[in-house]
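Here is what each chain is made of, one letter per residue.
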Amino acid sequence: MSEMQNIQWFPGHMTKTKRQIQASLKLVDAVAEIIDARIPVSSRNPDLNKLIQNKPRVILMNKCDMANRTATKMWIDHYASQGVTAIAVDCKSGRNLNKFPSAVDSVMRERIERLKAKGMKNPTMRIMIVGIPNVGKSSFINKIAKQNRAKVEDRPGVTRGNQWFTISKNLEMLDTPGVLWPRFDDKIVGEHLAFTGAVKDQVIDIELLAVRLLDFLKKLKPEEFVARFKLENTDLENTDSYELLHIIGKKRGMLISGGEIDTERAAIMLLDEFRAGRLGRITVEMPNGELK
Ligand code: G4P
C-alpha cells in the first residue's frame, strides 16, 4: 500500500500542500497530471486548473491495464475535443511510457517555438508530476527513473534539493510529485475513490460499499464478473444488490456459525477482486456520464 494513501486531508494540510506545489510549479514549464483511468472524473483534483494556471498539461490515464479499452479511448477523444492531450499508460508494466516525451513535446511546441524565435537554440523543458494519492505517481517516477537512471542530475544552487531526470534530449522531470487532494464534497466521488482503494477502508462501511459496487456491476455485467461468481443464471438486474452479495458469499462458501452468510467477508473479497482487476477491465466513469 502506498504511504500517501493514508494522508488525511484537512484545511491546514491542504494549504501547506498548495504552497509546496506552487513553489515547485515555479520550476517547471508544464505539468503531467496522473489520473486513474477507471475513474477519470473522481481521480482528478478540483483545484488543479487554478493551481497550474495556464501551464501546458498532459493527462496520463494510468492503470489502463485495469480500465476498459473502449472507454479509455473515448476519454482520450473527449480530452482531445477540449484541446487537452491525454495518453493511456500502465506504470506497473511500463506500457506506453515511451509515448510520454512526444506527448509533452506536442503540448510544449508553441512555447519551444517562441523561445527558438527569441534565439534560444534547444530550450530544455521541465515538467512535474501531480495527482491525488494512489493514482500511481511514484510508480511512474520509478519507472521513468529506471529507464533514465544514469541521467539523474542534482543541481544544488539552482534548485536546491530537487533532482531532475533527463527524460529525453530536451526534457527534464522533477523527481518529487505534487500530491493533490481529491474532491470531498460529492458522495459519488467518495464512493468511486473507495471502489479503487484510494480511500481507506476503515473510514467507510465496507458492506455498503460492496453493495454500491454491485449496483454498478449488475448493470454493466462484465463477463469476468459473471463467470467468476457463476452468475450466468442469476437475473442480475432484478436482484437486489444486498441479496446479490449474499449469493456471492454463498457461492464462495463464506459462512459463519449457524449457516449464515458472512457478508462482510464477501464484501471484502469482492472489493479486493475488483481492485486487483479480476472482475474485468472496468471503467466506472464515462465521458457522457452514462455509467455514473
Ligand atoms: P501514488 O504515488 O500516486 O500514491 O501511487 P503509487 O505509485 O504508490 O501506486 C499505488 C498503487 O497502484 C500501487 O499498488 C501500484 O503498484 C499500483 N499501480 C500504479 N500504477 C499502476 C498501473 O498502471 N497498473 C496497475 N495495475 N497498478 C498500478 P499497491 O498495491 O499500493 O502496491 P504494490 O502492489 O505496488 O506493492
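Residues numbered from 1 in each chain as written. Predicted model: local features only at pLDDT ≥ 70, side-chain atom pairs only at ≥ 80, totals over all residues. Heavy atoms only, no water.

A. Representation of the overall build of the protein chain within the structure. If you tally the helices and strands in the protein chain, you get 10 helices and 10 strands. When the backbone C-alpha atoms are referred to their principal axes, the protein chain occupies close to 80 × 35 × 35 Å. Looking at the 292 residues of the protein chain, the share that counts as buried comes to 48%. Sequence-distant contacts in the protein chain: of pairs separated by 6 or more residues, those separated by 24 or more amount to 69%. (Helix = DSSP H or I, 4+ residues; strand = E, 2+ residues; numbered from the N terminus. Buried < 20%, exposed > 50% of the residue type's maximum accessible area, 1.4 Å probe, protein only. Contact = heavy atoms within 4.5 Å.)

B. Spotlight on the packing of aromatic side chains. Under the defined criterion, the tally for this structure stands at 4 aromatic pairs. Aromatic side chains Phe195 and Phe274 sit 6.3 Å apart centroid to centroid with 75 degrees between the ring planes, which places their arrangement in the edge-to-face category. Within this pair, whereas Phe195 is found in helix α6 (residues 187-196), its partner Phe274 is found in helix α10 (residues 263-275), the two being separated by 79 residues in sequence. The buried category is assigned to Phe195, whose relative accessible area is 1%. Judged by relative accessible area, which is 3%, Phe274 ranks as buried. Over the aromatic face of Trp164 sits the side chain of Arg126, whose NZ or CZ is 4.5 Å from the ring centroid. (Phe/Tyr/Trp six-rings, centres within 6.5 Å; stacked < 30°, edge-to-face > 60°. Lys NZ or Arg CZ within 6 Å of the ring centre and 35° of its normal.)

C. Focus on the side chain of Ser43. The residue Ser43 is located in the loop between β1 (30-36) and α2 (48-52) in this model. Residue Ser43 is classed as buried on the basis of its relative accessible area of 1%. With residues near it in sequence (within four places) discarded, Ser43 still touches Ile34, Ile35, Asp36, Ile132, Val135 and Leu193.

D. Region of the structure containing the pairing of strand β4 (residues 125-131). For β4, a buried count of 7 out of 7 residues is recorded, marking the element as mostly surrounded by other parts of the structure. Of the two faces of β4, both are covered, the one formed by Met125, Ile127, Ile129 and Gly131 as well as the one formed by Arg126, Met128 and Val130. The pairing of β1 with β4 spans 4 bridges and is classified as parallel. In the sheet register, Val31 faces β4, and the bridge partner there is Met128. The pairing of β4 with strand β8 (residues 178-179) spans 2 bridges and is parallel. Residue Val130 lies in a different strand from β8, and its bridge partner there is Gly178. (Pairing = 2+ DSSP bridges.)

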